[in-house]
Amino acid sequence: MTETLDIKITKTTHSRLQETDFNNLPFGKIFSDHMFVADYADGEWKNFQIVPYGDISLSPAISSLHYGQSFFEGIKAYKHDDGQVTVFRPEKNAARFNKSAERLCMPTLPEDIFLQSIAAVVDIDRDWVPAKANHALYIRPFMFATDPFLGVAPSGTYKFMVLLCPVGPYFSKTLRVKIETYYTRSAEGGMGFAKSSGNYGGSMLPAKKATEEGFDQLIWTDAKNHEYVEEMGAANVMFVLDGKLITPSTRDTILDGVTRDTVLTLAREWGMPVEERRVSVAEIIEGAKTGKLQDAFGAGTAATIAAVGSISHNGEEYFLADPKTREFSQKVLVELDNIKYGRVTDTHNWNYPVL
Ligand SMILES: *Cc1c(COP(=O)(O)O)cnc(C)c1O
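An unreviewed UniProt entry annotates the protein as branched-chain-amino-acid transaminase of Mucilaginibacter xinganensis. Looking at the protein in UniProt, the text filed under Sequence similarities (unreviewed entry) is "Belongs to the class-IV pyridoxal-phosphate-dependent aminotransferase family."

Next up, the structure:
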């Protein structure tokens with residue numbers, strides 16, 4: 001730890017907490033009272049502030065709008081039964097934040113500043129962390145270029161901000177997914193491993209088309225031949241095939257998810273055979289046909305563990321077992337909740353306390 005960050009705090013004069021319906025929290029639409037803001041200029045981070053959540057004023061020429069020098073993170077804070085608030089594995093996000101920054105020619109942010117800024121704003125808005133099963137405070141750190149300059153070149157100035165949203169479950173149903181065989185999310189040499197804003201803009205048309213066909217999500221495949229599975233929507237994808245937990249190995253086309261790492265760690269501790277490798281569409285379809293595909297789910301902070309109900313490929317739909325009967329993902333869901341809500345000893349030190 002470096003020294004304590006000097007943060008200028010301006011509190012809201014009108015909290016929206018009382019008028020917020022915590023029984024109805026659509027994802028990402030309700031914001032807490034405060035947000036964190038910092039500026040990068042002249043080669044350094046400065047002006048660390050917590051201010052009331054609200055609009056900000058920017059030049060219309062900023063290069064994040066025109067050329068996509070922009071990326072983000074997604075983390076969750078949980079309220080334990082005793083009222084304590086912890087953030088789940090934010091050190092991993094701090095490290096990934098800087099991988100994204102480097103790929104986009106943007107300045108890195110010392111991990112310590114990242115962690116302190118999150119802890120400070122969550123602390124101020126700790127009453128916004130829902131005390132309810134399957135609920136959390138979603139933390140959205142992000143950075144974007146602010147030079148008012150229309151040349152295609154890295155900006156010299158940036159903003160780092162953190163927003164907070166109380167959230168309930170992301171998906172309320174078992175997902176009908178389609179293996180995408182035309183569009184791609186990312187290609188080798190691209191920026192699929194970065195949480196770069198442009199990756200998500202490019203995924204919206206294929207996702208919309210899939211929705212129009214009646215699907216809930218896409219399974220992305222490799223850009224070259226659409227032969228290997230890569231991710232599911234904005235989550236990593238995992239399968240239990242013939243008793244083994246199988247997931248695509250990370251590479252520059254795949255986002256290295258914290259949830260993915262968490263699930264793999266637990267599976268290994270439970271003595272489950274784990275394979276991180278290229279996963280072919282053919283073996284997944286074959287497994288679905290023969291019944292050897294026992295489980296399939298998306299893994300991500302927003303979605304947590306999202307059960308796949310059926311997988312479609314080239315017009316054929318293959319149905320999987322009822323999620324409630326799936327041993328592995330059910331066990332993971334229970335254990336993850338126990339850890340995040342502080343009901344078991346946190347042997348991995350995954351819970352970062354907000355003091
Ligand atoms: C955020 C994200 C994930 C999941 O990462 P977590 O750290 O588990 O939240 C996976 N894939 C993509 C494309 C993502 O944007």
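After that view, the rundown keeps rolling.
(A) Structural context of the layout of surface pockets. Taken as a whole, the largest pocket spans an internal volume of roughly 990 Å³. As for the largest pocket, its lining consists of 44 residues, of which Phe72, Tyr170, Tyr200, Gly233 and Ala234 are closest to the centre. Looking at the lining of the largest pocket element by element, the count peaks at eight residues for helix H4 (residues 197-212). Residues of the lining of the largest pocket, tallied by class, amount to 24 nonpolar, 14 polar and six charged. Composition of the lining of the largest pocket by domain shows at least three residues from each of domain 1 (8-168) and domain 2 (175-340). Size it by volume and the second largest pocket reaches roughly 610 Å³.

(B) Main features of the packing of helix H2 (residues 90-103) against helix H3 (residues 111-124). The N-to-C vectors of H2 and H3 enclose an angle of 130°; their axes lie 9 Å apart at closest approach. Classified by the angle between their axes, H2 and H3 sit oblique to one another. The hand of the H2/H3 crossing is right-handed. Facing Pro90, Glu91, Asn93, Ala94, Ala95, Phe97 and Asn98 of H2, the residues of H3 in contact are Glu111, Phe114 and Leu115. Here the residues of the contact of H2 with H3 sort into six nonpolar, two polar and two charged.

(C) Inspection of the UniProt feature "modified residue: N6-(pyridoxal phosphate)lysine" (unreviewed entry) in the protein at higher detail. Annotation from UniProt places "modified residue: N6-(pyridoxal phosphate)lysine" (unreviewed entry) at Lys195. Mapped onto the fold, lysine 195 is located in the loop between strand E9 (175-179) and H4. Judged by relative accessible area, lysine 195 falls into the buried class, the value being 12%. Apart from residues lying up to four places away in sequence, lysine 195 is in contact with Phe71, Phe72, Glu73, Gly74, Arg96, Ser100, Tyr200 and Leu255.

(D) Main features of the site of the ligand. The local shell around the ligand holds 14 residues, among which Lys195, Tyr200, Glu231, Thr259 and Thr301 are the closest. Glutamate 231 is positioned such that a nitrogen or oxygen atom in its side chain is 2.5 Å from a nitrogen atom of the ligand. Interatomic distance of 2.6 Å between a side-chain N/O atom of threonine 259 and an oxygen atom of the ligand. Coverage of the ligand by the protein amounts to 96% of the 380 Å² it exposes when considered alone. More than half of the atoms belonging to the ligand lie within 2 Å of the grid points that define the largest pocket.

(E) Representation of the environment of valine 308 in the model. Structurally, the position occupied by valine 308 is in strand E17 (residues 304-313). Distance in space between the C-alpha atoms of valine 308 and leucine 320 is 7.6 Å, their sequence separation being twelve residues. When sequence neighbours within four positions are dropped, the list of residues in contact with valine 308 reads Thr174, Leu175, Val177, Met232, Ala296, Phe297, Leu320 and Arg326.

(F) Summary view of the packing of aromatic side chains. Tallying each qualifying case throughout the model produces 19 aromatic pairs. Ring-pair connections join several aromatic residues into one group, and the members of that group are Phe36, Tyr40, Trp45, Phe71, Phe97, Phe114, Tyr158 and Phe160. A cation over a ring is seen here: arginine 278 above tyrosine 228, with NZ or CZ 4.3 Å from the ring centre. When the ring centre of tryptophan 270 is taken as origin, the NZ or CZ atom of lysine 331, which lies over that ring, is 4.3 Å away.

Cut-offs and rules
- Residues numbered from 1 in each chain as written.
- Predicted model: local features only at pLDDT ≥ 70, side-chain atom pairs only at ≥ 80, totals over all residues.
- Heavy atoms only, no water.
- UniProt positions renumbered as here; feature names shortened; annotations may be inferred.
- 1 Å grid on protein atoms, 1.4 Å probe; cavity = no way out; pocket = protein on both sides within 12 Å on 5 of 7 lines; lining within 4 Å.
- Points joined across faces, edges and corners; volume = space filled by probe spheres on them.
- Helix = DSSP H or I, 4+ residues; strand = E, 2+ residues; numbered from the N terminus.
- Nonpolar A, V, L, I, M, F, W, Y, C, P; charged D, E, K, R; others polar.
- Domains from an automatic or database assignment.
- Axes fitted to C-alpha atoms, helices over the stretch in contact; angles between N-to-C directions.
- Parallel < 35°, antiparallel > 145°, perpendicular 65-115°, else oblique.
- Left-handed = near helix turned anticlockwise from the far one by under 90°.
- Contact = heavy atoms within 4.5 Å.
- Buried < 20%, exposed > 50% of the residue type's maximum accessible area, 1.4 Å probe, protein only.
- Near = heavy atom within 4 Å.
- Polar contact = N/O pair within 3.5 Å; in protein donor to acceptor, adjacent residues only side chain to side chain.
- Areas by Shrake-Rupley, 256 points an atom, 1.4 Å probe, with all protein chains shown as cover.
- Sits in = over half its atoms within 2 Å of the grid points.
- Phe/Tyr/Trp six-rings, centres within 6.5 Å; stacked < 30°, edge-to-face > 60°.
- Lys NZ or Arg CZ within 6 Å of the ring centre and 35° of its normal.

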